[in-house]
Amino acid sequence: RSPAWLLLRNNLFFMIDPLLIRKDFPQLSDAEYHYLDSAATSLTPQAVLDAEIEYYTDYRANVHRGVFAEAARATELYEETRKKVAHFIGAKPEEIIFTSGATESSNMLVRMLEESLHVTRMRKNIVTTVMEHHAALLPLQQFALRRDLPLLSIPLARGADGDLVGLDYAQGEELITTDTAIVSTVLVSNVTGEWNDVTRIVRKAKECGALTIVDATAAAGHIPLNVTTLGCDALYFSGHKMFAPTGVGVLWVKDTLLAQLTPASFGGHMVARIEEGKPEWAEIPSRFEAGTKNISGVLGLGAAIDYLELVGVGEVHEYIQTLVADATARLRAIDGVTVVSERDSQKNAGIVAFTCAWAHPHDVAEVLARDRVAVRPGHHCAIPLHGALGIESSIRASFHCYNTTADIDALIAALLKCKTLFS
């Protein structure tokens, strides 16, 4: 069925109407439910659910195997999604590898780089940032430990007022040298929401001959993605944070680099022949997709991309900016609340993280949950960043295009009740 808001596209001055968009998300049928945890996982529109159900009820079959009609249909739509993903990020279809999510993408990529490329053996360090999610950081740490290489981290910078103001790009450019094998950076922080200047980091890395990786997990579906503009060698993200089902993700690797890599996981469908103990790999990208992938999840990812492109990712970001600005201002007005996320809404992809002087983040989140305000407490799989911010954990409210000012009203009201309770 057509999304409820699609009729508005005929209006020259199209603007996102979240009240209409909410009708496409079954979980939001209860107006008293305030979901502010999209950075953990987004909600799922009916169009995506329909795509998965259609697969299971109409053409349930494995892909790339059978020749009967249902198998052919499943394969056709699976490969059509690969084209949609490529268009979504400005890449070539043959550069797209389907995975179970950003975590598998990160682990697979780092292992392939370590085992396939001499450059990673000839150089003396790896550079990342203090903002990285553990799914990006831990594979790099393990790589560094196995090869006895220093893992250097671009720190946060301080502004004129002493506040931390994002990555210290000047320091990063000093850390990246001709000794650097890999530079891995997050595009958008899942704690601060900050939209990092990845092109500046990639430019320096390229000058030094280092390979570049971008974690776009918190960015996908919130800001436009284009791998050519970013200039990186590899990029990955999960589907479940951009309206797709859980258990599906994307790893993009530039074709010239991908041709130099050998697979890191093994199984069916990825080989053309096996003789005398030596495999002949299938064509790219099939050689990197061992076994049966999450077919319904991939098709759901395709439907999610269709939905996002109809709404417009740029329009999503513009709308979310208004929510970020409103929530940030209202939270900062509450005595004892400290906002630790990016305060400039234009540089924020939809996250407002904060602490409360009167209670632990987990206690605050539990009290908010009683009023059906869903936020996330904790370190958000980013312990180094919280350490750099001088805190152990935070409360994170994260937005998408189905959120409204009513959600912020509910957050503030529940927070004031929480403050009274703990006072």
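These numbers come from a predicted model, not from an experiment. Along every chain, residues carry numbers that run from 1 in the direction the sequence is written. Since the coordinates come from a predicted model, pLDDT governs what is reported: local features require at least 70, and pairs of side-chain atoms require 80 or more to be given and counted, while whole-chain, interface and lining totals use all residues. Hydrogens are left out, water is left out, and the side-chain values use all remaining heavy atoms of the structure.

A. Quick look at the overall build of the protein chain. Across its full length, the protein chain carries 15 helices and 17 strands. Seen along its three principal axes, the alpha-carbon backbone of the protein chain occupies a region of about 75 × 55 × 40 Å. Expressed as a percentage of the 423 residues in the protein chain, the buried residues total 55%. Contacts were defined at the residue level, with two residues in contact if any of their heavy atoms lie within 4.5 Å. The contacts of the protein chain with a sequence gap of at least 6 include a subset with a gap of at least 24, amounting to 69%. In short, Shrake-Rupley with a 1.4 Å probe defines the accessible areas, and a residue's cover is counted only from the protein chains shown. Total accessible area on the protein chain stands at roughly 17700 Å², and carbon and sulfur atoms take up 52% of it. The charge count treats Lys and Arg as positive and Asp and Glu as negative. His and the chain ends do not count. By convention, the point assigned to a charge is CZ for Arg, NZ for Lys, CD for Glu and CG for Asp. Averaging the coordinates of the 38 positive side-chain charges in the protein chain and doing the same for the 51 negative ones gives two points 3 Å apart. Each helix corresponds to a stretch of at least 4 residues labelled H or I by DSSP, and each strand to a stretch of at least 2 residues labelled E; elements are numbered beginning at the N terminus. Partly exposed residues are those whose accessible area sits between 20% and 50% of the maximum for their type, while under 20% is buried and over 50% is exposed, using a 1.4 Å probe and protein chains only.

B. Highlighting the environment of Glu 32. Mapped onto the elements, Glu 32 comes out in the loop between helix H1 (18-21) and strand E1 (34-35). The residues contacting Glu 32, other than those within four sequence positions of it, are Asp 371 and Arg 372.

C. View of the packing of helix H2 (residues 46-58) against helix H11 (residues 295-311). Only C-alpha atoms enter the line fits that serve as axes; for helices the fit covers just the stretch in contact. Angles between N-to-C directions range over 0 to 180 degrees. Look at H2 against H11: their axes get within 8 Å of each other, and the N-to-C directions meet at 145°. Where H2 crosses over H11, the handedness of that crossing is right-handed. In this structure, H2 uses Ala 47, Val 48, Ala 51, Glu 52, Tyr 55 and Tyr 56 to contact H11, whose residues at the interface are Ile 295, Ser 296, Gly 297, Leu 299, Gly 300, Ala 303 and Ala 304. By the convention adopted, Pro, Cys, Tyr, Trp, Phe, Met, Ile, Leu, Val and Ala count as nonpolar, Lys, Arg, Asp and Glu as charged, and the other residues, Gly among them, as polar. Grouping the amino acids of the contact of H2 with H11 by side-chain chemistry returns nine nonpolar, three polar and one charged. Note on convention: near helix rotated counterclockwise from far helix by under a right angle means a left-handed crossing. Clockwise means right-handed.

D. Fine view of the sheet that holds strand E16 (residues 376-378). Overall, antiparallel pairing links the four strands, which are arranged E13-E14-E17-E16 in an open sheet. Looking at strand neighbours, the two that pair on one side only are strand E13 (337-339) and E16, the edges of this open sheet. Recorded for the sheet is a direction-independent mean angle of 30° between the axes of neighbouring strands. Strands were regarded as paired on the criterion that DSSP finds at least two bridges between them. Of the strand pairs in this sheet, strand E14 (residues 351-356) and strand E17 (residues 394-398) are connected by four bridges, and their pairing is antiparallel. Bridge assignment links Phe 354 to a residue of E17, and that residue is Ile 395. Contacts between helix H12 (residues 313-332) and the sheet are confined to E13 and E14, with E14 contributing the most and set at about 10° to the helix. Along the sheet, helix H13 (residues 361-370) makes contact with E14, E16 and E17, crossing E16 at roughly 165°.

E. A look at the nonpolar core. Counting residues in each nonpolar core, the largest one holds 90 residues, and the members touching the most others are Leu 187 and Leu 415. It is H11 that contributes the most residues to this core, ten residues altogether. Excluding its chain neighbours within four sequence positions, the residues that come into contact with Leu 415 are Leu 331, Ile 334, Val 337, Phe 354, Cys 356, Trp 358, Val 364 and Leu 368. Residues Leu 113, Leu 117, Tyr 236 and Leu 257 belong to the second largest nonpolar core, which totals 26 residues. Residue types Ala, Val, Leu, Ile, Met, Phe, Trp, Tyr and Cys, when buried and joined through side-chain atoms within 4.5 Å, form a set referred to as a nonpolar core.

F. Representation of the pairing of strand E10 (residues 249-253). Burial of E10 is extensive: five of the five residues sit out of reach of the surface. Across four bridges, strand E2 (residues 96-99) lies against E10 in antiparallel orientation. Paired with Ile 97 across the bridge in E10 is Leu 251. Two elements, strand E9 (residues 234-238) and E10, share five bridges in a ladder whose sense is antiparallel. For Ser 238, the partnering residue across the bridge sits in E10 and is Gly 249.

G. A look at the sheet that holds strand E4 (residues 151-154). The strand order E2-E10-E9-E8-E7-E3-E4 describes an open sheet built from seven strands, whose pairing is mixed. With one partner strand each, in any of the chains shown, E2 and E4 form the two edges of the open sheet. Adjacent strand axes in the sheet meet at a mean angle of 20° when their direction is disregarded. Each of E4, strand E7 (180-186) and strand E8 (211-215) touches helix H8 (residues 198-207); the most contacted strand, E7, lies at about 175° to it.

H. Representation of the packing of aromatic side chains in the model. In summary, the pairing rule links any two rings of Phe, Tyr or Trp, Trp by its six-membered ring, whose centres are within 6.5 Å, and it sorts them by plane angle into stacked for under 30 degrees, edge-to-face for over 60 and tilted for everything else. This model, assessed by the stated rule, comprises ten aromatic pairs. With centroids separated by 5.9 Å and ring planes inclined at 85°, the aromatic side chains of Phe 25 and Tyr 307 adopt a geometry described as edge-to-face. Of this pair, Phe 25 sits in the loop between H1 and E1 while Tyr 307 sits in helix H11; the two residues are 282 residues apart in sequence, bridging distant segments of the chain. For the pair shown, Phe 25 and Tyr 307 are each scored as buried. Note on Phe 243 and Tyr 307: the rings are 5.8 Å apart at their centroids and 85° apart in plane angle, and the pair reads as edge-to-face. With Phe 243 in the loop between E9 and E10 and Tyr 307 in helix H11, this residue pair connects regions lying 64 residues apart in the sequence. With a relative accessible area of 0%, Phe 243 lands in the buried category. Charge-over-ring placement is defined geometrically: NZ (Lys) or CZ (Arg) within 6 Å of the ring centre, and within 35 degrees of the ring normal. When the ring centre of Tyr 59 is taken as reference, the NZ or CZ atom of Arg 73 above it lies at 5.9 Å.

I. Seen up close, helix H6 (residues 134-147). Between its first and last C-alpha atoms H6 spans 20 Å; for 14 residues at 1.5 Å apiece the expected length is 20 Å, and the two agree. All buried positions along H6 are accounted for by His 134, Ala 135, Ala 136, Leu 137, Pro 139, Leu 140, Phe 143 and Ala 144. Phi for Asp 148, located one or two positions after H6, is positive at around 55°. Multiplying 1.5 Å by the helix residue count minus one yields the expected span of that helix.

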